[in-house]
Amino acid sequence: MKKKHWYDWLWVLSAAYLILGFFNILFAWLGLLCFFIPLLLSIFGKGKAYCNRYCGRGQLFELLGGWLGLSRRLPAPGWLRSNAFRYGFLIFFLVMFGNMLFTTYLVFSQARNLGEAVTLLWTFRVPWSWAYHGGVPAWVAQFAFGFYSVMLTSTLLGLVLMLLFRPRTWCVCCPMGTMTQLVCKVRKGP
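Throughout what follows, the structure given in this document is the object of discussion. (Residues numbered from 1 in each chain as written. Predicted model: local features only at pLDDT ≥ 70, side-chain atom pairs only at ≥ 80, totals over all residues. Heavy atoms only, no water.)

Below, the discussion takes up the nonpolar core. Within the largest apolar cluster, 35 residues are counted, with the highest numbers of intra-cluster contacts made by Ile25, Phe35, Val118, Trp128, Phe147 and Tyr148. Among the secondary structure elements, those contributing two or more residues to this core are helix 1 (11–23), helix 6 (83–108), strand 1 (117–120), helix 7 (138–164), helix 8 (170–173) and helix 9 (175–188). Sort the elements by how many residues they give to this core and helix 7 lands first, with 10 residues. In this structure, phenylalanine 35 is in contact with Phe93, Phe97, Phe147, Val150, Met151 and Met176, ignoring residues within four places of it in sequence. (Core = buried A, V, L, I, M, F, W, Y, C linked by side-chain atoms within 4.5 Å. Buried < 20%, exposed > 50% of the residue type's maximum accessible area, 1.4 Å probe, protein only. Helix = DSSP H or I, 4+ residues; strand = E, 2+ residues; numbered from the N terminus. Contact = heavy atoms within 4.5 Å.)

Right, dumping it as structure tokens:
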């Protein structure tokens, strides 16, 4: 039996993040760690260590799809692994992230009211007001709603890919993985 390391349990943090955001949207801010840590590791020469070892979401998919057997274990289709799709999805993801930041700015500048909703798949607004209890500026809460929307949407997409294909199929097209790979290519040079 393979010896367990501390990082083999990071899936617990991924699951806890989703659960905590359900009850208090401000926990969504913790998701920034999932954005900055992979980029910092790749910038400082650790390559794709985050994706390969520390990604709690990938571990969660592996647990659900592999250990619990919820995956069909089929290879991902070629188009999903293609550079065109991966870079296109990264651009789409960054545009949606930029839109979330712009909405946060509008709330900050008081040009828009706080939207107490989570948007699934960048389309479906789901009321989420029970998870916001006040006590912070509206823009802080708006960012949390938007960021939780991004994290929940990407988790749902990953779960669907896990069910249809191999457990960690999301990792093939994950925008963070694509960005860290780009950082690695830039560091390596021509």
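With 13 residues, helix 1 extends 19 Å between its outermost C-alpha atoms, agreeing within 8% with the 18 Å of an ideal straight helix rising 1.5 Å per residue. Buried positions along helix 1 lie against helix 4 (56–67) and helix 7. (Expected span 1.5 Å × (residues − 1).)

Summarising the element assignment, threonine 153 is placed in helix 7. A distance of 2.9 Å separates a polar atom in the side chain of threonine 153 from the backbone nitrogen of leucine 121. When neighbours within four sequence positions are excluded, threonine 153 is seen to be in contact with Thr119, Leu120, Leu121 and Trp122. (Polar contact = N/O pair within 3.5 Å; in protein donor to acceptor, adjacent residues only side chain to side chain.)

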